[in-house]
Amino acid sequence: MKTYNWRPFLERWSADWLDSPGARGRGDVAETVLRDRWLGFPAAGEDRIGELEERLGVTLPPTYRSFLATTDGWQAAGTAVGRVGAAEGVHWYGDPDGLQALHEGALDEHASEEEVLRAGMWGRALRLSAAPDGVEVLLDPGDPDANGEWAAYLHRGGAGGERPERHGSFMELMQALFREFHRAHADTPGFANETTRELDADVEEARLACLDGEDIDGALELLTEADECGRPRARGLRVQLEAMLNGGGGGGFGARLGGGFGVGGSPASCGVGRLDDPLYARELLPLAALEHLRTGRAGLADRTDQADRADRADRADRADEAEFLRSSDGPDHDGDDRKQALALLREIDERTFRYEAPGSFGDAVASAREQARWGDTDGAWRTVAAAVTGWEPYGEDHIAPVGLLADPLLGPVITPERGRYLLETPRAGGGDGGGRGAAGGGGEREAARVRADGLGWLAEDTGPSAPDAYRFVLVHGVAPQELTERIGRGPLLAPCDASEAGQAIRIGSCGDGAGGGGASGNGDGGEGRGTDAGRWSFAFESGRNGVEPPTSEALSRGTESVTVWCERGGRSAAFPGIFHFSYAEDGERVYGFTVRDGEIEEWGAVPDALDPGHLFPDAGPGWDEGAPDDSDDSSNRGAEGSWALDPDDEYESLDAIAEVFGVSLPRFAIRHGRLHAVAPS
């Protein structure tokens, strides 16, 4: 609701304030205000504005100058700000409380440009008003934009008050005050006017647009404006839209709304708030629990003392529970409500929460969860995408399956792009259900985009957060559960992501890759398997643990297995590059090779496509063991004579293995999803 013409905007504000309950009964409302329905004053003429600019020694920014040409000041109008902007009361702020030195002293080398500008604002600001309780409106001539507008600040509470709110111009600040007025009166019985009626119509328009999959960004804009004006339905709808657009794998939606919400929040803060309402209890509350835990635990990971961290975490858990169970607008929850909320919080914390939904979409979610927990995250996504047209809302204020984002297995699958896709697919309750999300369309389109990941992506993941070592075993025709038993390192652990797994071995299933047939049992490169020989299961672990991995021959009993062990190494003999490949059948090693310290060890009849002499052309007799130790120099990593693997050789070897055996590891599942794991022995 941007405003570029002061008169209509201020007339609307005047009418809304005068029509609000109790406004006409106030003794301090002048008769002229009631008669003219105008909270402003006579306009300041050009001469008066010119005199002000001459007194101040500056040219005023455009929106404040045009404001004065409309009205020489503005009354309180339902906010904490007193008369604002009158020419007579405008003067340089002068920083009476010494805030500039205080704020500049708190800056460090990581301070943003905006923080630097805000810290220096106090000594050069122009003050337009000051309420008795210290609420001030300031303009900063040192922070102009391309249109000559000065940044405008609302500063509450004097020297010890909150951080000032920055707005791009005086007009934007006045619009924010208008929204604050509406927000403050939103719950007042009888508060209805032209603005509230327009905003409520916008909320309904946005709701229907979301269900129809149309103009999601425009719908979000409408809901944001209505929410900031305190319209009761807008917050719950906005939360759902923001959550889906943010996806389930990253930062929470609460940060994007300026904070999360807890059990029993008011309708304005979280849409519903009753634990007997399935929209709140099954969709919004799981998201609130996830956000609450993420926010509360953020600082614990940086502690180095493990015992202290565990003690602090235990105390934080108890504090988390107490805070989460506390209603924001009434007494603490107790009885069944308390038990239900606490049980959900623990499910989210322990990653045992299972999102459930009614109808065919709920059936698809259950199937997708099984796919995701064994590594087929792309398949899980296709299952969800194909079924979303059959999704059933719990009520008219339910516009998306947001509880899905809190599911520990399926949440990571819903990236921001996929969340937008689901929103842009028409769903039950919205119009005629036609358009791009008509039954079957979404899933079929997405399926066509999915291709096998292969193995080469392991060599491509070389960023700062990527591990410099990994090991995996692929076993053909064996279910992941059986592979766990063959590894024999303990029971199957709950699904975990890469950071949670630590040294645990993650287990999953992966289909045949895009390459040709695999080994046929006679070591000839395997041209006999074809494309219908079934699936592979994998065991994968990241990082180096100082222990050479055991041979995988036992894992191939009655079938075949492929083992790869890679440590990229550095430019030092202490950390040599290692690439190990082995193919086994029915408990026996058939062929393979190891490249270590630039030397190649080979056994069995290695197929030409996997000849280590071709895959690692710089290894062998030409290796320079006397190369200087430049461990910190990564500019020519992999050059001849270095102790590190050449990344191109690593990629070519992985790609060749994927091609020969027709195998693939699921990149998204391993890097971003959650998989079952077994603890190392």
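Residues numbered from 1 in each chain as written. Predicted model: local features only at pLDDT ≥ 70, side-chain atom pairs only at ≥ 80, totals over all residues. Heavy atoms only, no water.

Caption draft 1: Local environment of the overall build of the chain. Of regular secondary structure, the chain possesses 25 helices and 14 strands. Counting the 681 residues in the chain, one finds 50% classified as buried. In the chain, once contacts between residues fewer than 6 apart in sequence are set aside, the share between residues at least 24 apart is 66%. On the chain, roughly 30100 Å² of surface is accessible, and the fraction owed to carbon and sulfur atoms is 47%. (Helix = DSSP H or I, 4+ residues; strand = E, 2+ residues; numbered from the N terminus. Buried < 20%, exposed > 50% of the residue type's maximum accessible area, 1.4 Å probe, protein only. Contact = heavy atoms within 4.5 Å. Areas by Shrake-Rupley, 256 points an atom, 1.4 Å probe, with all protein chains shown as cover.)

Caption draft 2: Expanded view of helix α10 (residues 234-246). Helix length check: α10, at 13 residues, gives a terminal C-alpha distance of 18 Å against a target of 18 Å (1.5 Å per residue), a fit within 8%. Taken across its 13 residues, α10 has 13 buried, putting it largely inside the fold. After α10 finishes, the residue G247 shows a positive phi value of roughly 75°. (Expected span 1.5 Å × (residues − 1).)

Caption draft 3: Fine view of the sheet that holds strand β6 (residues 469-476). Strand order in this open sheet of nine strands is β7-β14-β8-β9-β6-β10-β11-β12-β13, and the pairing throughout is antiparallel. Strands at the two margins of the open sheet, each flanked by one partner only, are β7 (492-496) and β13 (599-603). The mean inter-strand angle of the sheet, taken between neighbouring strand axes irrespective of direction, is 20°. As defined by bridge partners, strand β8 (residues 505-510) adjoins strand β9 (residues 536-542) across five bridges and the pair is classed as antiparallel. When the sheet's bridge partners are listed, R506 is paired in β9 with F540. In the packing of helix α21 (residues 480-487) onto the sheet, the strands contacted are β6, β7, β8, β9 and β14 (675-678), and the crossing angle to β8 comes to about 145°. (Pairing = 2+ DSSP bridges. Axes fitted to C-alpha atoms, helices over the stretch in contact; angles between N-to-C directions.)

Caption draft 4: Broad picture of the pattern of salt bridges. On inspection of all chains with the given rule, the structure shows 34 salt bridges. Notably, a salt bridge pairs E225 with R179, separated by 3.8 Å at the nearest N-O pair. Of this pair, E225 sits in helix α9 (residues 216-228) while R179 sits in helix α7 (residues 170-185), placing them 46 residues apart in sequence. Exposure class is identical for E225 and R179. Each is buried. The partner of R238 in a salt bridge is E242, and the shortest N-O contact between them spans 3.9 Å. Here E242 and R238 lie together in helix α10, a separation of four residues that amounts to about one turn. Per residue, the accessibility class of R238 equals that of E242, and both read buried. The network of salt bridges with shared partners includes E204, R207, R233 and D397. (Salt bridge = Lys/Arg side-chain N within 4 Å of Asp/Glu carboxyl O.)

Caption draft 5: How the structure looks around the packing of aromatic side chains. Across all of its chains, the model carries 25 aromatic pairs by this definition. Judged by centre distance (6.2 Å) and plane angle (45°), the ring pair of W6 and F9 falls under tilted. Of this pair, W6 and F9 both sit in helix α1 (residues 6-18), three residues apart, roughly one helical turn. The class for F9 is buried, based on a relative accessible area of 7%. Seen from their ring centres, F472 and F540 are 6.4 Å apart, and the 15° between their planes marks the pair as stacked. With a gap of 68 residues between them, F472 in strand β6 and F540 in strand β9 connect regions that are remote in the sequence. (Phe/Tyr/Trp six-rings, centres within 6.5 Å; stacked < 30°, edge-to-face > 60°.)

Caption draft 6: Structural context of α1. When the terminal C-alpha atoms of α1 are compared, their 18 Å separation across 13 residues agrees well with the 18 Å that a helix rising 1.5 Å per residue should span. When α1 is considered as a whole, its buried residues turn out to be W6, F9, L10, W13, S14, D16, W17 and L18. Residues of α1 that are buried make contact with α2 (31-36), α4 (62-70), α7 and α8 (194-212).

Caption draft 7: Fine view of the environment of H614. Structurally, H614 can be placed in helix α23 (residues 612-615). Residue classification places H614 among the exposed residues on the basis of a relative accessible area of 61%. When the C-alpha atoms of H614 and D649 are compared, they prove to be 9.1 Å apart, with 35 residues separating the residues in sequence.

Caption draft 8: Quick peek at a negative patch on the surface. A contiguous patch of negative charge, built from E205, E214, D215 and E221, is present on the exposed surface. Its place among the elements puts D215 in the loop between α8 and α9. Owing to a relative accessible area of 55%, D215 belongs among the exposed residues under this scheme. (Patch = residues over 30% accessible without salt bridge, like charges linked within 9 Å, V, L, I, M, F, W, Y side chains within 5 Å. Lys, Arg positive; Asp, Glu negative; His and termini not counted. Charge placed at Lys NZ, Arg CZ, Asp CG, Glu CD.)

Caption draft 9: Expanded view of the environment of Q240. Considering the arrangement of structural elements, one finds Q240 in helix α10. Through-space distance from the C-alpha of Q240 to that of L284 is 7.9 Å; in sequence the pair is 44 residues apart. Excluding residues that lie within four positions of it along the chain, Q240 makes contacts with L279, L284, D397, H398, I399, A400 and V402.

Caption draft 10: Highlighting the nonpolar core. Membership of the largest hydrophobic core comes to 60 residues, with the highest contact counts inside it found for L241, I348, F361 and L422. For this core, the secondary structure elements donating two or more residues are α8, α9, α10, α13 (278-297), α15 (335-350), α16 (359-373), α17 (377-387) and α18 (416-423). Among the elements that take part in this core, α13 stands out by supplying eight residues, more than any other. What L422 contacts, discounting residues up to four positions off in sequence, is M244, W381, V384, A385, V388, I414 and R427. Residues W74, V90, L139 and L177 belong to the second largest nonpolar core, which totals 41 residues. (Core = buried A, V, L, I, M, F, W, Y, C linked by side-chain atoms within 4.5 Å.)

Caption draft 11: Fine view of the confidence of the model for the chain. With 75% of its residues at a pLDDT of 70 or more, the chain shows a mean pLDDT of 80. Across residues 430-449 the pLDDT falls below 50, and counting only partners more than four positions away or on other chains, this stretch makes 29 contacts in the model. Counting interchain partners and residues more than four positions distant, the pLDDT-below-50 stretch residues 622-641 has 31 contacts. (pLDDT = per-residue confidence, 0-100.)

Caption draft 12: Quick peek at unusual backbone geometry. Backbone geometry at R37 places phi at a positive 50°, although glycine is not the residue there. The residue R37 is located in the loop between α2 and α3 (46-56) in this model. Backbone geometry at D95 places phi at a positive 50°, although glycine is not the residue there. Within the fold, D95 resides in the loop between β1 (91-92) and α5 (99-105). Given a relative accessible area of 15%, D95 falls into the buried group.

Caption draft 13: Expanded view of the packing of α9 against α10. Close contact between α9 and α10 brings their axes to 9 Å; oriented N to C, the two are set at 140°. One element, α9, and the other, α10, form an angle in the oblique class. Here α9 runs over α10; the crossing is left-handed. Here I216, A219, L220, L223, T224, A226, D227 and E228 of α9 lie close against α10, whose contacting residues are A234, R235, L237, R238, L241, E242 and L245. Per-class residue counts for the contact of α9 with α10 are nine nonpolar, one polar and five charged. (Parallel < 35°, antiparallel > 145°, perpendicular 65-115°, else oblique. Left-handed = near helix turned anticlockwise from the far one by under 90°. Nonpolar A, V, L, I, M, F, W, Y, C, P; charged D, E, K, R; others polar.)

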